[in-house]
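# Fold and contact review
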Amino acid sequence: MVKIAFLFPGQGSQQIGMARDLFESDDYFRSLVDYASELTGENLNKLCLEGPDERLIKAWYLQPLLASVSLGYLRQLGRRGITADVICGHSLGEITALAAGGIVSDREMIAIATKRGELMDKAASGVNGGMMAVLFVAESRVEQILDELDEPDRIVLANDNGPHQAVVSGDNELLEEFAKRVANEPGGKCHRLVVSGPWHSPYIKHAQEEYEEWAKPIRFGRPRTPVIFNATAKTEEHPTTIKHLVTWQLTSPVYFRDCLARLKQLEVDTLVEVGPGRVLSGLARVNGFKKGYSLFNANSIANIERIVATLGSGS
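Note that the coordinates shown come from a computational prediction; the quantities given were computed from them, not determined experimentally.

Each value, and the rule that gives it
The numbers attached to residues start from 1 for each chain and follow its sequence in the written order. Only residues with pLDDT of at least 70 get local features here, since the model is predicted, and only at 80 or more are side-chain atom pairs given and counted; chain-wide, interface and lining totals rely on the full set of residues. Side-chain measures here rest on the full set of heavy atoms in the structure, leaving out hydrogens and waters. Segments assigned H or I by DSSP are reported as helices when at least four residues long, segments assigned E as strands when at least two residues long, and all are numbered from the N terminus. For each residue, the accessible area found with a 1.4 Å probe, counting protein chains only, is set against the maximum for its type, and the residue is called buried under 20%, exposed over 50%, and partly exposed in between. Neither His nor the chain ends is counted toward charge; the positive residues are Lys and Arg and the negative residues Asp and Glu. In plain terms, the charge of a residue is placed at NZ if it is Lys, CZ if Arg, CG if Asp and CD if Glu. The definition of a nonpolar core used throughout is a set of buried Ala, Val, Leu, Ile, Met, Phe, Trp, Tyr and Cys residues joined through side-chain atoms within 4.5 Å. Contacts are assigned to residue pairs with any non-hydrogen atoms lying within 4.5 Å of each other. A 1.4 Å probe that fits into a set of points on a 1 Å grid over the protein atoms alone but cannot get out defines a cavity; an open set with protein on both sides within 12 Å along at least five of seven lines defines a pocket, and lining residues are those with an atom within 4 Å of a point. Grid points are joined across faces, edges and corners, and a volume is the space filled by probe spheres set on the points. The nonpolar class holds Ala, Val, Leu, Ile, Met, Phe, Trp, Tyr, Cys and Pro. Asp, Glu, Lys and Arg form the charged class, and all remaining residues, Gly among them, are polar. Pairing of aromatic rings covers Phe, Tyr and the six-membered ring of Trp, with a centre-to-centre limit of 6.5 Å; geometry is then stacked below 30 degrees between planes, edge-to-face above 60, and tilted otherwise. Only Lys NZ and Arg CZ are tested; either one counts as a charge over a ring when it is within 6 Å of the ring centre and within 35 degrees of the ring normal. Two strands qualify as a pair provided that DSSP identifies no fewer than 2 bridges between them. Note on handedness: a crossover is taken as right-handed if, strands pointing away from the viewer, the path from the first strand over the helix to the second is clockwise.

## Comments concerning the overall build of the protein
Counting its secondary structure elements, the protein contains 14 helices and ten strands. Dimensions of the protein, computed from the C-alpha atoms along their principal axes, are close to 55 × 45 × 40 Å. The buried share among the 315 residues of the protein stands at 57%. A distance of 5 Å separates the average location of the 34 positive side-chain charges in the protein from that of its 40 negative side-chain charges.

Next up, the structure:
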């Protein structure tokens with residue numbers, strides 16, 4: 001019996017021209033992008049298909065756009081009978097998971113993603129900061145280097161994505177110092193992420209507080225499909241707790257390695273990354289989803305047709 005998990009990607013998975021097939025064929029998807037355009041005051045259809053990159057990476061525009069793209073491909077899967085037994089998103093992808101899991105409506109999810117991005121951009125505008133991926137260095141050593149720098153308000157672990165794959169976030173000067181120390185580790189490498197701010201760090205604390213206050217009137221429901229949350233790597237049923245986890249996530253690390261381990265505990269054997277790019281599929285492989293597991297990328301209607309041909313409908 002196939003057991004399927006849907007994975008929803010976050011910032012960094014985008015590319016100019018993504019979802020062109022949805023723009024051409026899916027009225028509902030276009031209505032979501034139109035709604036996000038209305039909220040942001042930006043023509044997100046044009047920005048998505050034509051760029052430029054430096055504008056597309058702004059969280060205020062990118063977050064509702066990415067969430068819309070993932071939700072658009074999710075609907076295409078559902079129309080063909082492919083559904084999930086459990087859901088997990090990475091950072092922003094957790095917001096998409098709220099709608100996918102039935103916790104909020106689609107339009108509420110777009111509004112949440114838009115406000116999240118707006119507040120994050122606002123918080124980052126006065127900060128000279130960013131994020132840096134760390135490769136081929138154990139997470140314990142990453143933590144040691146952060147301890148050596150001894151600046152917990154200025155540089156932190158942002159993502160634990162897998163064995164020897166982490167992301168740190170913070171002040172650019174400290175990120176450069178961190179990278180110099182990593183370069184002295186055997187095989188250690190760092191590279192900058194294309195993001196507009198130091199996400200999942202104390203620099204976003206004020207945004208997190210505003211976000212939590214703004215979200216109070218939004219009614220969260222109980223999940224129709226189980227959702228694994230980044231901050232705890234566990235599923236949760238209570239709407240109040242879910243809302244707290246989602247708003248808390250702005251400044252807390254994404255424990256995606258633990259989330260994937262939880263999927264294994266739940267005996268998931270098939271992963272479908274729903275949205276642009278292949279980042280999460282790569283992380284899944286690094287975390288041991290190789291032989292005996294099936295991985296698919298629902299990032300185009302053509303790929304979704306191939307998924308249906310492989311899995312069949314009514315899963």
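## Re unusual backbone geometry
Along the chain, G51 connects to P52 via a cis peptide bond; the corresponding omega equals 10 degrees. Counting through the fold element by element, P52 comes out in the loop between α3 (44–50) and α4 (53–56). Although it is not a glycine, S91 sits at a positive phi angle of roughly 60 degrees. Relative to the helices and strands, S91 is located in the loop between β2 (86–89) and α6 (93–100). In this structure S91 comes out as buried when scored by relative accessible area, which is 13%. Phi is positive for A233, which is not a glycine, with a value near 60 degrees.

## So, the nonpolar core
The biggest cluster of nonpolar side chains holds 74 residues, and the ones touching the most others in it are F6, L77, I95, L98, V272 and V274. Of the residues forming this core, the biggest block, eleven residues, is contributed by helix α5 (residues 59–79). Ignoring anything within four residues of it in the chain, the contact list for V274 reads F6, L7, F8, P9, S70, Y73, L74, L77 and A298. Ranked by size, the runner-up nonpolar core spans 18 residues in total, among them L271, A284, F289 and L295.

## Concerning the layout of surface pockets
The computed volume of the largest pocket comes to approximately 540 Å³. Lining the largest pocket are 26 residues, and of these Q11, N161, V167, L193 and V279 sit closest to its centre. Mapped onto the lining of the largest pocket, the elements with two or more residues apiece are β3 (129–135), β4 (155–162), β5 (165–171) and α13 (279–286). Partitioned by chemical class, the residues of the lining of the largest pocket number 13 nonpolar, twelve polar and one charged. By volume, the second largest pocket is sized at about 250 Å³. A total of five residues in the lining of the second largest pocket trace back to one element, the largest contributor, which is α5. When the residues that make up the lining of the second largest pocket are grouped by side-chain class, the tally is nine nonpolar, three polar and three charged.

## Examining the packing of aromatic side chains
Here the structure, examined in full by the defined rule, presents three aromatic pairs. Judged by centre distance (4.9 Å) and plane angle (70 degrees), the rings of F23 and F29 are edge-to-face. Across this residue pair, the class does not change: F23 and F29 are buried. We note K264 situated over the ring of F289; from NZ or CZ to the ring centre the distance is 5.2 Å.

## Re the pairing of strand β10 (residues 294–298)
Where burial is concerned, most of β10 is hidden: four out of the five residues are buried. Relative to β10, strand β9 (residues 270–274) runs parallel, the two sharing five bridges. Paired with V274 across the strands is A298, a residue of β10. Regarding topology, α13 serves as the crossover connection from β9 to the parallel β10, and that connection is right-handed.

## Structural notes on the sheet that holds strand β1 (residues 4–8)
Two orientations exist for strands paired in a sheet by backbone hydrogen bonds: parallel and antiparallel. Sheet architecture is open: six strands sit in the order β8-β7-β2-β1-β9-β10, paired in mixed fashion. At either end of the open sheet lies a strand with only one pairing partner, and these are β8 (234–235) and β10. As paired elements, β2 and strand β7 (residues 227–229) share two bridges and run parallel to each other. Note that in β7 the partner of C88 across the bridge is I228.

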